[in-house]
Amino acid sequence: MSWRRYGASAEETQAAGEAFAFVLRPGDIVLLSGPLGAGKTTFTQGVGRGLGVRERVTSPTFTMVRQHECVNDLGIMTLHHADVYRVGSLGEVDDLALGELVEESGVALVEWGDIAPSVFGLDVITVVFVIDEHDGRTLEVDGALSGREAALDAWAQS
Ligand SMILES: Nc1ncnc2c1ncn2[C@@H]1O[C@H](COP(=O)(O)OP(=O)(O)OP(=O)(O)O)[C@@H](O)[C@H]1O
Ligand SMILES: [Mg+2]
């Protein structure tokens, strides 16, 4: 089963991210995929807002992963924001050890995470960004989401 939401502007895509924060649970790994400029960072900025990140969330392109402290009632204390677009090898993605980093009280959002499916396995959430000719973005959410159907229905309908 998958859920969709449309972002007609960058602000709406950010709002989709902000609302998506309330679907998340500690330990989640979310792979964000779509072409350059699709809105993966924009969405993550919204997730950061929803999770109560106070600092600015910027593209981690050159650092591979950034950590942001969160203040919320969701049990999520750290947002790990990764971008694996420029990695040299799957081993480098593996070395980030995101699975260990999110244990207990973190979540990870991984831009271009779909290029390393074998590293993350099947127990992930995926968000695919599709750009249309009006500069809108369709976000399609799928993956390890059982038990969250009601929250996702609400997300898709708002
Ligand atoms: N509907 C929309 N949703 C999201 N971004 C939009 C939309 N319309 C225009 N934009 C613009 O598209 C750009 C999206 O950039 P963003 O950095 O979020 O993409 P990205 O997927 O992270 O790219 P990259 O693969 O380079 O990391 C921004 O400049 C944003 O203002
Ligand atoms: Mg980006």
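Here the structure is a predicted model, which is why all the values come from computation and not from measurement.

**Brief notes about the overall build of the protein**
Along the protein, the regular secondary structure elements total 6 helices and 7 strands. Put simply, the protein runs from its N terminus to its C terminus through helices and strands in the order β-α-β-α-β-β-α-α-β-α-β-β-α. A globule of 158 residues ought to have a C-alpha radius of gyration of about 15 Å, and the protein, at 14 Å, matches this closely. Within the protein, contacts between residues separated by at least 24 positions form 68% of all contacts whose residues are at least 6 apart in sequence.

**Focus on unusual backbone geometry**
Phi is positive for A97, which is not a glycine, with a value near 50°. Of note, the phi angle at E104 is positive, near 75°, even though the residue is not glycine. Along the chain, the position of E104 falls in the loop between α4 (98-101) and β5 (106-111). Assessed through the 11 C-beta atoms surrounding it within 10 Å, E104 is described here as exposed.

**Structural notes on the site of ligand 1**
Around ligand 1, a shell composed of 19 residues is seen, among which T13, G39, K40, T41 and T42 lie nearest. Those elements that place two or more of their residues in the shell around ligand 1 are α1 (10-20) and α2 (40-51). The greatest single-element share of the shell around ligand 1, amounting to 3 residues, is contributed by α2. Each residue belonging to the shell around ligand 1 can be placed in one class, and the counts come to 4 nonpolar, 10 polar and 5 charged.

**Notes on the nonpolar core**
The biggest cluster of nonpolar side chains holds 37 residues, and the ones touching the most others in it are I29, V30, L32, V107, A108, L109 and V110. Elements with a contribution of two residues or more to this core: α1, β2 (29-33), α2, β4 (78-83), β5, α5 (117-120), β6 (125-131) and β7 (137-143). With residues up to four places along the chain from it excluded, the contact list for V110 reads I29, V30, L31, L32, A82, V84 and L98.

**Regarding the environment of G75**
Residue position: G75 is located in the loop between β3 (65-69) and β4. Each C-alpha atom, one on G75 and one on D95, is 25 Å from the other, the two residues being 20 residues apart in sequence. When neighbours within four sequence positions are excluded, G75 is seen to be in contact with P26 and S105.

**Considering the pairing of β7**
In the sheet, strand β1 (residues 3-7) pairs with β7 via 5 bridges, with the strands oriented antiparallel. Each residue of the ladder has a partner; that of G7, found in β7, is R137. The hairpin formed by β6 and β7 contains 5 residues between the paired strands, and D135 there has a positive phi angle of roughly 70°.

**Things to note about the sheet that holds β1**
With mixed pairing, the 7 strands of this open sheet are ordered in space as β1-β7-β6-β2-β5-β4-β3. Lying at the two open borders of the sheet, with one neighbouring strand each, are β1 and β3. The sheet shows a mean angle of 20° between the axes of neighbouring strands, taken without regard to direction. Looking at chain direction, β6 and β7 are connected through 7 bridges and run antiparallel. Pairing of F129 across the sheet is with L139, part of β7. The strands that helix α6 (residues 149-157) touches are β1 and β7; relative to β1, the one it contacts most, it runs at about 25°.

So, how was this worked out
- Residues numbered from 1 in each chain as written.
- Chains lettered and ligands numbered in written order.
- Predicted model: local features only at pLDDT ≥ 70, side-chain atom pairs only at ≥ 80, totals over all residues.
- Helix = DSSP H or I, 4+ residues; strand = E, 2+ residues; numbered from the N terminus.
- Rg over C-alpha atoms; globule rule 2.2 N^0.38 Å.
- Contact = placed C-beta atoms within 7 Å.
- Buried ≥ 20, exposed ≤ 12 C-beta atoms within 10 Å, placed from the backbone.
- Near = placed C-beta within 6 Å.
- Nonpolar A, V, L, I, M, F, W, Y, C, P; charged D, E, K, R; others polar.
- Core = buried A, V, L, I, M, F, W, Y, C linked by C-beta atoms within 7 Å.
- Pairing = 2+ DSSP bridges.
- Axes fitted to C-alpha atoms, helices over the stretch in contact; angles between N-to-C directions.

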